[in-house]
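If you want the building blocks of each chain, they are given just below.
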Amino acid sequence: MSGFTTDYQARRDHADRLRKVILHSADALPDRVAEYLSEVAEGRSWRAKEQVLKTFVPLVDHLPAVFVDFALCELIEGPGEEGWASYHDMTELGIRGAMDYHPPAHVQGPFLRLLRTHEDEGLRLIHGLTNAATAYWCGRERDERFLGYSRTPLPVVLQFPSGPKELWGNEEVYCWFRHTSVAPNAVISALMALEVWMEEQLAAGRQGDELIGKVLADSQSVAVLGACVAVALDSLSKACLLAVLPALRNPLVWSMDIHRFAKDFQGSPIIDFLGENKLINQHLKERNQRPQRRREVRHLIPIYLFGDDELRLAAERAFAGFGDDLPLPFEEMAMNEEAVSEWRAQVERYKDHLRRERYRRIETSEWVGWQYQQAEELAEETSQELADYQLLNDLLGLSQWAAKTLKEDTPPDVAVMEQVVRSARVQHRPDDFREAIISDPEMDSTRQQTVAAVAAATAARGLAWARQQGHADWCRAVLLAAACSPRSRGDALNRRSVFHLDHKLNAAIGLTALVAQGSGDAEVRHALLGLVLDRQLQVVQALFTGLRKAWGRDEILCWNCLGLALSFAVVPGNTIVPGMGLAFNEAGIARVEALWQGHAANLEEGRRPILPLIEVDDRGFFLWDLAGRALQGLPLEDLVRQPEARAALLPLADGLLGWTISENLRGSDDDRPRRHSEAPWEWNHFFLGWLAELGRHLTPAEAESHVLAPVRATWPRLLRLAADLLDGLLRHQVARLPPQEPPEPQALRTWEQVCRDLLGQPELARWADEDYLSSDWSAAVTMMIFVNHGMYVLKEEWPHVPLFGGIIDRWLEVVGTNHEAYRAFLTMLKATSRHFPPSRVVGWLSLVASRSEDVKALWQSHNNGERTARVLHALWQASRQELTADRSAFRQFSELTDRLAASGVTLASVIQHDLEGLNAG
Amino acid sequence: LSSQGRLRPVLKNPFLLDLLTDRRIVAEGAAAVPATEVEVGDVWWEKVVGRDGQAEGRERQQALVEAARRLINAPRRRFGDGGLPPAALVSLESNRVLIRDQGQNVYRFGHDLLEDWSLLRLLEQRRGDLPAYLQELGQPHGLLRAVRLLGCLLLERGGTDGEWVELLWAVERAADLAPRWRQAVLTGPFLSTRLEELLDKAREALLADDARFLIDLLVALRTTEVDVDPRMVEVVSGIADKPEEAMALALRYPLPRWYAWCKTLRWLLRHARELNEAARHEMARVMEVWQERSGPGDPLRREIGELALAWLHEAEDD
């Protein structure tokens, strides 16, 4: 790390601190801080601007108006910054800082605090942002550059006693006050805060009509109306109900709120794999339990109709002429008679809810309610819709059974299977699968896909039962038809589609299951060979996964499928149309036909094919994603035991490794340097893992010659393969057994050998005291201590990590003082320190501190100091007696603590204080 | 007494308050009311233990120094009475300075402050070769506060900072000594209610040599002169997997110990122009914590805000 970088960072951090101090001085120096804010607003420093927005607490408390002016100016894009061509317009909507306020929540940003302390300013900020985003949304809808079509939004007009009020937006805009919406995080957070604040105000006794009136006064967006209706649904107070009544006169509001209700009803997913936002997510989960999440506008109607006179009369007045003047959401809709007619029918259905006679009083000892009963003519109309829904529901039930059955290893419940197969057979039609099944969700497609899924699950998990019950032939026929059906153009284009109901996917699963169970006749085998050439990789993957259990039954089929897949994967340059990707020319089409004929003939005549050489010319392709899907299904352990198979697999491995190396090196030899994004990362990761697994079944000498030596020969030019090899060795050798079983000795030897070879590379030692590792080294270095992408990759409870103590010692000697590597080491220790003797952990930390050229810098970067103290603190809590009994370890422990405390790590001073409490000796 | 601001920290400690009400400590006329822990300790040593220089008092003092020496290596803070003058022991026991375990000839100190004050007397005797003595004792953690008191005492009693600086250098130069001893001597002034005055006394040493002592002192201020904020612990315990993790998270936002921070900041504000860039950087960290964790109406907020504005303009001009 150069002195310049240190100085620059130190000065930048210093300036950040001073700015923070200034902002926190808003109470003591309001005028000076206000002046500072206007300087920042006029200046160019985005760091300073960002800091003002993030350090909002003192500003909200002491300079609310100045802060709101600043926030509006900074968060709303200027007119020159618009650009409606990118995907980002979907979420940004003219509001800057798309990634701030993530995940959106009422507790994010200044909104709730501002509303609680200075409500006028809070409302000004929320309206400013929401109105701006809504106006942007209107402009975007009118501009066909965004989605390829345009439409002209019409206002949602609310008839208030004071006069009409126009709001803008559709059902998606209406939902912006929900954290799952697609909108700027700042706007969502602001609206969520508004809803919470309104609930608090009502709970504190504020009048709902006055509150809702004030909140809506300056709004131009249906999003704010959404929050107001939600609050009314929550409180159900008369004042709130009266306040939202003018809005409910408009059927569009019903439609938008029912849409909101449907989204709420589906549940609001909270995704946080790394647990980074636990506190916020706890808040969100609590919010999702609010009563208004389970209510919508129609639930309010009986309260109006059967409420006191004031409510009833107000409702009668408001709903008189409901929907007569049909409001449309977009101008263009008026030209679409069908859409208008559907919308009018929907409004009629809404209108039916306004008739008192449609309600039946239900009374129990605890509550009284009103149940809505639909008009007969509407009920008939609805019953047809319901029948469709019922069918769809049934099909989804069948497909879920199939998916669950295929996932589980246990045999399915016979009674349920009987019922499911009978239902599926009822749905099956003779001409199914003759035409291409379209990929869009559509009832007939779903029906055929479900039939194939049930047939596959039955063939795979209940074939014996199906034979007894006479369903086996039906399963076979359905699966064959599905396997041979033509692909729709859309499906063929989408090679990486992942869809568990795909009929060919299920055909591959079902037909391979038939072969594995000895029912693979010529037609089935032929169909399976055909599926090798299916455009969707998920089908090929399912095919080879299914064949894994079939090699013992029908190795000719399996070898031919493998041969065809690999031969097809090697695409010569002269068989494609130049510049058109994988578009075959005449020669290409002839080649594929020849490959197919050859392998089909092999199959018929019981011949094993010769696996192709993996030789790809300069202009050609190697379809590594296809090859990978074929290789992943090979039962390597069984195959390698057979000399003939072994003789075929080793040259294949050599060829694939040769291609992998040359492909990864391409660019370092060419003039054009290879970009990281061009390297076949997915293939590298898969193939090195596959090699690691293959190596496990080879003799040590074979493993050395076919796996380790060729990979090692690429270092240090190609370190990315080292990281993938380590990952593969971990998954397929070192940690492949259940946790109670230690790794096999050979696996340990291989791991240690690879690590020692890497650690012996002179280039690595040069990174010893640097702040970071080169991108080439980073993954390999951290993988040696079981850390990848900042996470410990093994299970924390895996107890065998002390077996690697020796290699960790060496690792620390070579690279332990590198700041980034040390950070990974601390990650490893956090997960594993309980498996090591405390003296060893302390010894390691002490060794790094003593060897580091600048231990203060090491501890300062990546928060390493505090993280070191956390490891020491955990050790102290868990092993106090053991540590104090070992004089040498205790001396190192206390010295580390001292040094960390002297470097400004507060937790270390807490440990120090604990140590003072020991007796004087 | 409570009207004297500088006495407040002393008066907040019930044990010290109890001592101060002892008629033997507050002399007639009370011209020099003890105001710091060192001063209270001195008076306690001379008047309560030493009985104003009487022979009996000297014997009691000798017994306590020996007790302190034995304490250093005593398991569970208990030491035997072999060889200690029985009369002194009985008398110290009757004064609740020492407590005898029932039915055993084993003693402990009546309060941990009395331990520290007795250890201080022992260390004072070995001040000339303190590093070697600490080494000889095995650098026990239990002596840490006594060493801090010694640092404080040297600065409080001395006309200049000479003796304090000398001790600081001595522990710094001792290669085999753990870093905590240097830090203890350096941060000794934080124990004094005359902190600002002591910093004035040590001004030259603090600013010398690129202000390295000052920088280390400020690091220690934000590291050791802080407490865990219980509100923060409550907030983070909901998201932390383990209590120690909650503690570590909460310590990222600690509460400054009011007196030491306020006095140090006041001194820093007075000397802000004399600080080099590195010292400014460290001071800014202290200012940041203060401004964030104190509230409207608290002292120095205005001055700190003004200084930050001035420094930021300077930094931007550069």
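Here we summarise the structure given alongside this text. (Residues numbered from 1 in each chain as written. Chains lettered and ligands numbered in written order. Predicted model: local features only at pLDDT ≥ 70, side-chain atom pairs only at ≥ 80, totals over all residues. Heavy atoms only, no water.)

1. A closer look at the overall build of chain A
Definition in use: Strands here are runs of E lasting at least two residues and helices are runs of H or I lasting at least four, both read from the DSSP assignment and numbered beginning at the N terminus. Exposure was quantified through the Shrake-Rupley algorithm and a 1.4 Å probe, taking into account, for residues, occlusion by the shown protein chains and nothing else. None of His or the chain ends enter the tally, which takes Lys and Arg as positive and Asp and Glu as negative. A charge is said to be at NZ when it belongs to Lys, at CZ for Arg, at CG for Asp and at CD for Glu.
Counting secondary structure elements, chain A contains 46 helices and eight strands. Summarising its shape, the C-alpha atoms of chain A cover approximately 90 × 90 × 60 Å along the three principal directions. Per element, the accessible surface of chain A, about 41300 Å² overall, is 51% carbon and sulfur. In chain A, which carries 98 positive and 127 negative side-chain charges, the distance between the mean positions of the two groups comes to 3 Å.

2. Re the sheet that holds strand β3 (residues 106-109) of chain B
Residues and elements named next belong to chain B. Our working rule: By the convention used here, strands pair only if DSSP detects at least 2 bridges between them. The contact definition used throughout considers only heavy atoms, calling two residues in contact when any of these lie within 4.5 Å. Fitting a line to C-alpha atoms yields each axis, with helices limited to the stretch in contact; the angle taken between N-to-C directions then spans 0 to 180 degrees.
Taking strand neighbours across the sheet as the criterion, the three strands line up as β1-β3-β2 in an open arrangement whose pairing is antiparallel. The sheet is open, and its two borders are formed by β1 (79-80) and β2 (98-100), each paired with just one other strand. Of the strand pairs in this sheet, β1 and β3 are connected by two bridges, and their pairing is antiparallel. Note that in β3 the partner of glycine 80 across the bridge is valine 106. Where helix α4 (residues 55-72) meets the sheet, its contacts fall on β1, β2 and β3, and the angle it forms with β3 comes to roughly 95°. Here helix α5 (residues 86-94) sits on the sheet and contacts β2 and β3; the angle it forms with β2, its principal contact strand, is near 100°.

3. A look at the interface of chain A and chain B
One frequent convention defines the size of an interface as the accessible area lost when the parts assemble. Spelled out, the test is: In what follows, salt bridge is the name for a side-chain nitrogen of Lys or Arg lying within 4 Å of a carboxyl oxygen of Asp or Glu. Between N or O atoms, a polar contact is any pair within 3.5 Å; within protein, one atom must be a potential hydrogen donor and the other a potential acceptor, and residues adjacent in sequence are included only when both atoms are from side chains. Here the nonpolar group is Ala, Val, Leu, Ile, Met, Phe, Trp, Tyr, Cys and Pro; Asp, Glu, Lys and Arg are the charged ones; every other residue, Gly included, is treated as polar.
Across the contact, 52 residues belong to chain A and 56 residues belong to chain B. Summed over the shared surface of chain A and chain B, the result is seven salt bridges. With a shortest N-O distance of 2.8 Å, Asp27(A) and Arg301(B) are connected by a salt bridge. One can count twelve residue pairs in polar contact (both at pLDDT 80 or more) joining chain A with chain B. When residues of the side of chain A that touches chain B are assigned to their parent elements, the largest contribution, ten residues, is made by helix α1 (residues 3-23) of chain A. Of the residues in the side of chain A that touches chain B, the class split is 19 nonpolar, 17 polar and 16 charged.

4. Digging into the environment of Leu167(B)
Residues and elements named next belong to chain B. Looking at where leucine 167 falls in the secondary structure, it is placed in helix α9 (residues 162-173). Taking the C-alpha atoms as reference, leucine 167 lies 35 Å from alanine 308; in sequence the two are 141 residues apart. In this view, leucine 167 contacts Arg127, Leu130, Leu150, Leu154 and Val185; residues no more than four positions away in its chain are not counted.

5. A few points about helix α10 (residues 179-187) of chain B
Note the following rule: For each residue, the accessible area found with a 1.4 Å probe, counting protein chains only, is set against the maximum for its type, and the residue is called buried under 20%, exposed over 50%, and partly exposed in between.
When you tally the buried positions in α10(B), you get eight out of nine residues, the bulk of the element. Of the positions making up α10(B), those classed as buried are Arg180(B), Trp181(B), Arg182(B), Gln183(B), Ala184(B), Val185(B), Leu186(B) and Thr187(B). Among the structural elements, α45 (887-902) and α46 (906-916) of chain A together with α7 (130-137), α8 (144-157), α9 and α12 (203-224) of chain B are those in contact with the buried residues of α10(B).

6. Examining the environment of Glu195(A)
All names here are of chain A. With respect to the helices and strands, glutamate 195 occurs in helix α11 (residues 185-203). Glutamate 195 gets classed as buried once you look at its relative accessible area, which sits at 1%. Distance from glutamate 195 to arginine 834, taken between C-alpha atoms, is 47 Å for residues 639 residues apart in sequence. When residues no more than four places from it in sequence are discounted, the contact partners of glutamate 195 are Phe177, Arg178, Ala227, Ala230, Val231, Arg287, Gln292 and Arg293. A distance of 3.5 Å separates polar atoms of two side chains, one belonging to glutamate 195 and the other to arginine 178.

7. Points about the packing of α8(B) against α9(B)
Residues and elements named next belong to chain B. Viewed as axis vectors pointing N to C, α8 and α9 meet at an angle of 150°, and their least axial separation amounts to 7 Å. Across the interface between the two elements, Leu150, Gly151, Leu154 and Leu155 from α8 touch Glu163, Trp164 and Leu167 from α9. A per-class count over the contact of α8 with α9 returns five nonpolar, one polar and one charged.

8. Description of the nonpolar core
For the record, the criterion: Working definition of a nonpolar core: buried Ala, Val, Leu, Ile, Met, Phe, Trp, Tyr and Cys residues. They are joined through side-chain atoms within 4.5 Å.
Trp176(A), Leu194(A), Tyr304(A), Trp164(B), Leu214(B) and Met287(B) are the most contacted members of the largest nonpolar core, which has 206 residues in total. Here the element with the most residues in this core is α11(A); it accounts for twelve residues. Val421(A), Leu505(A), Cys558(A) and Leu611(A) belong to the second-largest nonpolar core, a separate cluster that totals 183 residues.

9. Re the packing of helix α2 (residues 30-42) of chain A against helix α3 (residues 46-54) of chain A
All names here are of chain A. Where we set the bar: Reported orientations rely on four angle classes, namely roughly parallel under 35 degrees, roughly antiparallel over 145, roughly perpendicular from 65 to 115, and oblique for the rest. By convention, the crossing between two helices is left-handed when the near helix turns anticlockwise from the far helix through less than a right angle, and right-handed when the turn is clockwise.
Viewed as axis vectors pointing N to C, α2 and α3 meet at an angle of 135°, and their least axial separation amounts to 8 Å. Considering the angle they form, α2 stands oblique to α3. Relative to α3, α2 is oriented so that their crossing is left-handed. For the pair α2 and α3, contact is made by Tyr36, Leu37, Val40 and Ala41 and by Ala48, Lys49 and Val52, respectively. When grouped by side-chain class, the residues that make up the contact of α2 with α3 number six nonpolar, no polar and one charged.

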